[in-house]
Amino acid sequence: MMRVRSYLDQKGTRLVGPNCPGLLTPGQCKVGIIPGDIAIPGNVGVVSRSGTLTYEVLYALKLLGMGVSTCVGIGGDPINGTSFLDTLALFEKDPQTEKVVLIGEIGG
């Protein structure tokens, strides 16, 4: 992953993972293995290093009637692509996102 990250940095390409469930904007777009039916559209941004905890939080928000603007799974690998800070900056620019949930990784 060090070589991949270095190559993508040279090309100006964003690496979301590695080892992540992907991205989800409910009702609009799904990239990766993240289930599309566990979230509803709304104003909560979610960024997570843990795949399983991502699914749990998305589903809990859905049960509470709280929708998600976008969910970004950034993966739990030591060599990361997109960071929490990168994702927060993107959420700050997104007019749909009013709140953000950050999910860490056990031992990460």
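(A) Region of the structure containing the overall build of the protein chain. Each helix and strand counted, the protein chain has 3 helices and 5 strands in total. In the protein chain, the succession of helices and strands from N to C terminus is α-β-β-β-α-β-α-β. Relative to its length of 108 residues, the protein chain is compact, with a C-alpha radius of gyration of 13 Å against a globular reference of 13 Å. Expressed along its principal axes, the backbone C-alpha trace of the protein chain runs to roughly 40 × 30 × 20 Å. Burial status across the protein chain gives 35% buried among its 108 residues. With the model as given, the accessible surface of the protein chain reaches about 6,300 Å², and the carbon-plus-sulfur share is 58%. Averaging the coordinates of the 9 positive side-chain charges in the protein chain and doing the same for the 9 negative ones gives two points 7 Å apart.

(B) Representation of unusual backbone geometry within the structure. Looking along the chain, the bond that leaves G17 and enters P18 is cis, with omega of 5 degrees. In this fold, P18 is placed in the loop between α1 (2–11) and β1 (22–25). Phi at N19 takes a positive value of approximately 55 degrees, unusual for a residue other than glycine. Residue N19 is classed as exposed on the basis of its relative accessible area of 60%.

(C) Layout of the environment of L61. By the secondary structure assignment, L61 is in helix α2 (residues 51–63). Between the C-alpha atoms of L61 and I40, which are 21 residues apart in sequence, the distance is 8.5 Å. Once residues within four sequence positions are removed from consideration, L61 is found in contact with V44, V46, M66 and V68.

(D) Broad picture of the environment of A60. Along the chain, A60 turns up in helix α2. Residue class for A60 comes out partly exposed when judged on its relative accessible area of 37%. Separated by 21 residues in the primary sequence, A60 and A39 place their C-alpha atoms 8.7 Å from one another.

(E) Inspection of the layout of surface pockets at higher detail. If you add up the space inside the largest pocket, you get close to 160 Å³. Together, R14, V16, L23, T70, V72, T82, T87, L90, F91 and D94 line the largest pocket. Among the secondary structure elements, those contributing two or more residues to the lining of the largest pocket are β4 (68–73) and α3 (84–93). Sorting elements by how many residues they give to the lining of the largest pocket places α3 first, with 3 residues. Of the residues that constitute the lining of the largest pocket, the class distribution is 5 nonpolar, 3 polar and 2 charged.

(F) Structural view of the pattern of salt bridges. Across all of its chains, the model carries 1 salt bridge by this definition. Between D9 and R5 there is a salt bridge, with the nearest N and O atoms lying 3.0 Å from each other. Taken as a pair, D9 and R5 lie in helix α1 at a separation of 4 residues, close to a single helical turn. The class of R5 is partly exposed, set by a relative accessible area of 26%.

(G) Focus on the confidence of the model for the protein chain. When pLDDT is averaged across the protein chain, the result is 93; 98% of the residues are at 70 or more. Looking over the protein chain, one finds the lowest element-wise mean pLDDT in α1, namely 92, and the highest in strand β3 (residues 41–48), namely 98.

Rules used throughout
Residues numbered from 1 in each chain as written. Predicted model: local features only at pLDDT ≥ 70, side-chain atom pairs only at ≥ 80, totals over all residues. Heavy atoms only, no water. Helix = DSSP H or I, 4+ residues; strand = E, 2+ residues; numbered from the N terminus. Rg over C-alpha atoms; globule rule 2.2 N^0.38 Å. Buried < 20%, exposed > 50% of the residue type's maximum accessible area, 1.4 Å probe, protein only. Areas by Shrake-Rupley, 256 points an atom, 1.4 Å probe, with all protein chains shown as cover. Lys, Arg positive; Asp, Glu negative; His and termini not counted. Charge placed at Lys NZ, Arg CZ, Asp CG, Glu CD. Contact = heavy atoms within 4.5 Å. 1 Å grid on protein atoms, 1.4 Å probe; cavity = no way out; pocket = protein on both sides within 12 Å on 5 of 7 lines; lining within 4 Å. Points joined across faces, edges and corners; volume = space filled by probe spheres on them. Nonpolar A, V, L, I, M, F, W, Y, C, P; charged D, E, K, R; others polar. Salt bridge = Lys/Arg side-chain N within 4 Å of Asp/Glu carboxyl O. pLDDT = per-residue confidence, 0-100.

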